[in-house]
Amino acid sequence: LSADRIDDDTWDDFEATLISSDLGVAPTGELVESLRQKLRVEGISDPGQAKSLLRSELLGLVDPGLDRGLNLDHEPGQPAVVLVVGVNGTGKTTTVGKLGRMLVADGRSVLFGAADTFRAAAAEQLTTWGDRVGVETVRGEEGADPASVAFAAVDQGIQRGVDVVLVDTAGRLHTKVGLMDELGKVKRVVEKKAPVGEVLLVLDATTGQNGLTQARVFSEVVDITGIVLTKLDGSAKGGIVVQVQRDLGVPVKFIGLGEGVDDLAPFDADQFVDGILGD
Amino acid sequence: MFDTLQDRLAATFKSLRGKGRITDADIDATTREIRVALLEADVNLAVVKDFVAGVKQKAKGSELSKALNPAQQIIKIVNEELIDILGGDTRFIRFAKQPPTVIMLAGLQGAGKTTLAGKLGAWLKSEGHSPLLVAADLQRPNAVQQLQVVAERAKVGVYAPQPGNGVGDPVQVARDSIDHARHGLFDVVIIDTAGRLGVDEEMMRQASRIKEQTRPDETLFVVDAMIGQDAVNTALAFEQGVGIDGVVLTKLDGDARGGAALSIAKVIGRPIMFASNGEKLEDFDVFHPDRMASRILGM
Ligand SMILES: Nc1nc2c(ncn2[C@@H]2O[C@H](COP(=O)(O)OP(=O)(O)OP(=O)(O)O)[C@@H](O)[C@H]2O)c(=O)[nH]1
Ligand SMILES: Nc1nc2c(ncn2[C@@H]2O[C@H](COP(=O)(O)OP(=O)(O)OP(=O)(O)O)[C@@H](O)[C@H]2O)c(=O)[nH]1
Ligand SMILES: [K+]
Ligand SMILES: [Mg+2]
Ligand SMILES: [Mg+2]
């Protein structure tokens, strides 16, 4: 009965905190319900203790045990290939640039593939990132077939014997069937040259409940292996990734914390939960 | 899972069929469903609470209509209330008496400002104006070039005296663009600015200085329809830091419910003026509150 002694305001606060972080109505309901039961069983009636239990429940959902390393396995003579995908404007090109920086700092040789041949100045933007972080960019003509540009990048990667090829793709809404087919083709064509070991879905932390639909559709088309959560330097908490992680069974691997070359960090479940609970 | 609010409410009311009137308990059950529908559409929690309280009050005081079943009656009230908030003084661009008319675009990173500059330019041109796009994002890699390409596609003028990528002063570019427009006989100036976070005080000050120097007739807040609960914080930050005259909702060609539209309209009380619904120049429309209301409700 102790849980009942925690007043409605405290429950409202918990609920408001979780909903406001974009965790979603259903997950919030489940979390609050399971918390109520635990408090009852353990006879906890102190709001402070309830909050720390909430923290550990939430942390459990985020699952600190997941392997969040970037898969860079590759056969001799072939580069590891990382494909970066997502809806428009989430931070794909920027993430490719930052990942390049991280890998170069790790002592790996890297090549960028500019498979966004659609958006104005997209290839130029990636090339600028390449110049910043010391990585060459393979590009095609504006309007060229993105699959053939991605293929050429991996082909170059093989010829030059690089460790990793990072392929940037055009932003596309998951509702556009033609564009999603095009993305599937990019992956299939690349795989004629070398396996794609990582497909990173870039999600913007401000995204609301639509993030889950995005993730599901992208995953059907290109089999997502990891999530990058960008723009966490703003006031948004990115709570939608909790549902995305659970639904897809793939971990958030990196977070974006700004527009600079070093503003990419490994995802840390504790910090993420602190961000939501405001500690 | 229920797909639409109508389905949800139909289920809630199934047990009540045959009853002649809506009881308070019916209204409570219904508003619980409405609350969930709005939250799943990404309407801000505080806005949902207010909204639901308002609907409750109206529903309790409303006359029963013989033509509608109880679910339909409540949906009607909800719909009217939504349209009322979304559509409060809908209006078009206010043109300056003394040209050029200045339109400044502001918003979070990646919201769709640069793309919108092209769309607005093409649309204004088709209305007989002579627009000039101004490259005042000197920060994002190749933003200047992106705007140049967009202007070329839209067949409108572009003022891009600085290369960008960290070089040049955006406030000066914006200020100088007004003279440039006068000399070149451009009657509308559209200023593309860098994406910025609401919490970035320095960047908010920069936007506010651009505004001071150019005195825009319209400062448009450009926001992605997929945005979640943070919409309100962000809109308030732009309203306080820069001052907003109108809102443009982008990426409506996706399937996001777009509840942020309601949150923003309600909290900052500014009209949503345009809807952007695609990546091409012509994917652009004036905003329709009734369509948006149905979309938020999933109908
Ligand atoms: N504050 C912040 N801004 C970011 C972050 N990541 C990317 N951005 C900014 O977000 C905007 C969009 O980033 P891009 O990398 O161009 O996004 P994209 O997904 O490649 O966009 P499209 O190719 O047009 O779909 C740019 O202004 C970036 O500088 C981040 O972690 N924090
Ligand atoms: N599907 C769709 N994509 C859009 C829409 N508006 C813009 N985009 C796309 O969204 C991405 C970002 O658009 P930009 O115009 O570069 O956004 P921005 O606000 O200028 O970005 P920053 O300058 O980096 O802050 C690009 O891929 C655009 O093509 C829209 O209405 N629908
Ligand atoms: K944040
Ligand atoms: Mg890009
Ligand atoms: Mg821009």
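Here is what the cut-offs are and how they apply
Residue numbering note: each chain is counted from 1, following its sequence as written. Chain A is the first chain written and ligand 1 is the first ligand written, with later ones labelled in order. With the structure being a predicted model, the display of local features is reserved for residues of pLDDT at least 70 and the display and counting of side-chain atom pairs for 80 or more, all residues being used for whole-chain, interface and lining totals. Side-chain metrics rest on all non-hydrogen atoms present in the structure, leaving aside hydrogens and water. The way it works is that DSSP assigns letters per residue, a run of H or I at least four long becomes a helix, a run of E at least two long becomes a strand, and they are numbered from the N terminus. Each radius of gyration is computed over the set of C-alpha atoms, and the globule rule expresses the reference value as 2.2 Å times the number of residues to the power 0.38. Buried, partly exposed and exposed residues are distinguished by accessible area as a fraction of the type maximum, computed with a 1.4 Å probe on protein chains only: under 20%, between the cut-offs, and over 50%, respectively. Contact between two residues is taken to exist if any of their heavy atoms lie within 4.5 Å; hydrogens are not considered. In this charge count, Lys and Arg are treated as positive and Asp and Glu as negative; neither His nor the chain ends contribute. Note on charges: their place is set at NZ of Lys, CZ of Arg, CG of Asp or CD of Glu. For this purpose, a residue is taken to be near a molecule or strand whenever a single non-hydrogen atom of the residue falls within 4 Å of it. By the criterion applied in these results, polar contacts are pairs of N or O atoms within 3.5 Å in which, for protein atoms, one can donate a hydrogen and the other can accept it, and in which residues neighboring in sequence qualify only through two side-chain atoms. Every accessible area reported is derived by Shrake-Rupley at a probe size of 1.4 Å, with residue values counting cover from the shown protein chains alone. Each residue is assigned to one class: nonpolar for Ala, Val, Leu, Ile, Met, Phe, Trp, Tyr, Cys and Pro, charged for Asp, Glu, Lys and Arg, and polar for all the others, Gly among them. By convention a nonpolar core is built from buried Ala, Val, Leu, Ile, Met, Phe, Trp, Tyr and Cys residues, the set being connected through side-chain atoms within 4.5 Å. Take the residue count of a helix, subtract one, and multiply by 1.5 Å to get its expected span. Summarising the geometry, the arc corresponds to the directions from the helix axis toward the C-beta atoms. Pairing between strands is defined by DSSP: at least two bridges between the two strands are required. The convention used is that axes are lines fitted to C-alpha atoms, helices contributing only their stretch in contact, and that angles between N-to-C directions extend from 0 to 180 degrees. Residues enter a patch when their relative accessible area is above 30% and they make no salt bridge; the linking distance is 9 Å between like charges and 5 Å between nonpolar side chains (Val, Leu, Ile, Met, Phe, Trp, Tyr). The working definition used for a salt bridge is a side-chain nitrogen of Lys or Arg within 4 Å of a carboxyl oxygen of Asp or Glu. The path from the first strand over the helix to the second decides the hand: if it runs clockwise while the strands point away from the viewer, the crossover is right-handed. In this analysis, rings of Phe, Tyr and Trp, with Trp reduced to its six-membered ring, are considered paired at centre separations within 6.5 Å, and the interplanar angle assigns stacked below 30 degrees, edge-to-face beyond 60, and tilted for intermediate values.

Looking at the overall build of chain A
A count of helical and extended segments in chain A gives 10 helices and 8 strands. Against the globule reference of 19 Å for 279 residues, chain A gives a C-alpha radius of gyration of 21 Å, in line with a compact fold. Viewed in the frame of its principal axes, chain A has a C-alpha envelope of about 70 × 40 × 30 Å. Scored against the burial criterion, the 279 residues of chain A give a buried share of 56%. In chain A, the proportion of contacts linking residues at least 24 apart, taken out of those at least 6 apart, comes to 78%. Side chains of chain A give 27 positive and 44 negative charges; the mean places of these two sets differ by 4 Å.

Structural notes on the site of ligand 2
Inspection of the region around ligand 2 gives 23 residues, with B:K113, B:T114, B:T115, B:R140 and B:E279 positioned closest. Lying at an intersection of chains, ligand 2 is approached by residues of chains A and B. Take B:D253: an N or O atom from its side chain is 2.8 Å from a nitrogen atom of ligand 2. Separating an oxygen atom of ligand 2 from a backbone N or O atom of B:G278 is a distance of 3.0 Å. In isolation ligand 2 exposes 660 Å². Once the protein is present, 96% of that is buried. Examining the composition of the shell around ligand 2, we find that 4 residues originate from one element, helix α5 (residues 113-126) of chain B, more than from any other. Among the residues forming the shell around ligand 2, the class breakdown is 3 nonpolar, 12 polar and 8 charged.

Details of the site of ligand 1
For ligand 1, the set of nearby residues contains 22 residues, the closest of which are A:G91, A:K92, A:T93, A:T94 and A:E259. Surrounding ligand 1 is a set of residues that belongs to chains A and B. Backbone polar atom of A:L257 to an oxygen atom of ligand 1: 3.4 Å apart, as the coordinates give it. Between ligand 1 and B:R140, the relevant distance is 3.4 Å, taken from an oxygen atom to a side-chain nitrogen or oxygen of the residue. Protein coverage of the free-state accessible area of ligand 1, which is 650 Å², stands at 96%. By residue class, the composition of the shell around ligand 1 is 2 nonpolar, 12 polar and 8 charged.

Things to note about the nonpolar core
By size, the foremost hydrophobic cluster in this structure holds 100 residues, and its most contacted members are B:L86, B:I103, B:L105, B:L120, B:I190 and B:L249. Residue contributions to this core peak at 8 residues, all from helix α4 (residues 70-87) of chain B. When sequence neighbours within four positions are dropped, the list of residues in contact with B:L249 reads B:V223, B:A225, B:A261, B:I272, B:F274, B:A275, B:S276, B:F287 and B:M292. Core analysis: the second largest hydrophobic core is formed by 67 residues, A:V154, A:L183, A:V190 and A:F272 among them.

As for helix α2 (residues 25-42) of chain A
Given a rise of 1.5 Å per residue, 18 residues ought to cover 26 Å, and the 26 Å separating the end C-alpha atoms of α2(A) matches this to within 8%. Of all the positions in α2(A), only A:V25, A:P27, A:T28, A:L31, A:V32, A:L35 and A:L39 are classed as buried. With its buried residues spanning 165° around the axis, α2(A) presents them on a single face. Structurally, α2(A) contributes buried residues whose contacts are with α1 (8-20), α3 (47-62) and α9 (240-248) of chain A together with α2 (24-40) of chain B. Note on α2(A): the residue one or two positions beyond its end, A:G43, has a positive phi of about 65°.

Observations concerning the sheet that holds strand β4 (residues 164-169) of chain A
All names here are of chain A. Spatial ordering of the open sheet is given by β3-β2-β4-β1-β5-β6-β7-β8, a layout of 8 strands whose pairing is mixed. Single-partner strands in this sheet number two, and they are β3 (136-138) and β8 (264-266). The sheet shows a mean angle of 25° between the axes of neighbouring strands, direction not considered. Its contacts with the sheet put helix α5 (residues 122-133) on β2 (110-115), β3 and β4, and the angle it makes with β2 is roughly 170°.

Some remarks on a negative patch on the surface
A cluster of acidic residues, A:D7, A:D8, A:D9, A:D12 and A:D13, forms a negative patch on the protein surface. Along the chain, the position of A:D9 falls in helix α1.

Structural notes on the side chain of A:D168
Residue and element names in this part refer to chain A. Its place among the elements puts D168 in strand β4. One buried charged residue, D168, forms no salt bridge at all, with the nearest opposite charge on K92 at 6.2 Å. Apart from residues no more than four positions distant in its own chain, D168 is found in contact with V84, K92, T93, V96, G113, A114, A115, D116 and L126.

Concerning the pattern of salt bridges
One side chain can pair with another of opposite charge once the charged atoms of both are near each other. Residue and element names in this part refer to chain B. The full count for this structure, using the stated rule, is 26 salt bridges over all chains. Between K56 and D28 there is a salt bridge, and its shortest N-O distance comes to 3.3 Å. Of the two residues, K56 sits in helix α3 (residues 45-61) while D28 sits in helix α2, which places them 28 residues apart along the sequence. In this structure K56 comes out as partly exposed when scored by relative accessible area, which is 28%. A salt bridge links R291 to D285; the nearest nitrogen and oxygen atoms lie 3.6 Å apart. When its relative accessible area of 53% is taken as the criterion, R291 is described as exposed.

A closer look at the pairing of strand β2 (residues 131-136) of chain B
Residues and elements named next belong to chain B. Counting buried positions along β2 gives 6 out of 6 residues, so the element sits mostly inside the fold. By the alternation rule, side chains of β2 split into P131, L133 and A135 and L132, V134 and A136, which are all buried. Bridge count for β2 against strand β3 (residues 157-159) is 3 bridges, and the pairing is parallel. Counterpart to V134 in the pairing with β3 is Y159. Running through helix α6 (residues 143-154), the crossover from β2 to the neighbouring parallel element β3 is right-handed.

Side note on the packing of aromatic side chains
Each pair of aromatic rings is reported with the distance of its centres and the angle of its planes. With the rule as written, the count across this model stands at 6 aromatic pairs over all chains. Considering the side-chain rings of A:W11 and A:F14, the 5.9 Å spacing of their centres and the 90° angle between planes classify their relative orientation as edge-to-face. Taken together, the positions of A:W11 and A:F14, both in helix α1 and 3 residues apart, correspond to about one turn of that helix. Across the pair, exposure class does not vary: A:W11 and A:F14 are buried alike. Aromatic pair B:W123 and B:F274: ring centres 5.4 Å apart, planes at 70°, arrangement edge-to-face. Of the two residues, B:W123 is situated in helix α5 and B:F274 in strand β7 (residues 272-276); the sequence distance between them amounts to 151 residues. Residue classification places B:W123 among the partly exposed positions, given a relative accessible area of 22%.

Section: the pairing of β2(A)
All names here are of chain A. Within β2, 6 of the 6 residues are buried, leaving the element largely enclosed by the surrounding structure. Where burial is concerned, the two faces of β2 agree: the one with V110, F112 and A114 and the one with L111, G113 and A115 are both buried. Where β2 meets β4, 6 bridges bridge the pair, whose relative direction is parallel. Within β4, the position partnered with A114 by the bridge is D168. Inspection of the sheet shows β2 paired to β3 by 3 bridges, in the parallel sense. Across the sheet, the residue bridging to F112 is T137, located in β3.

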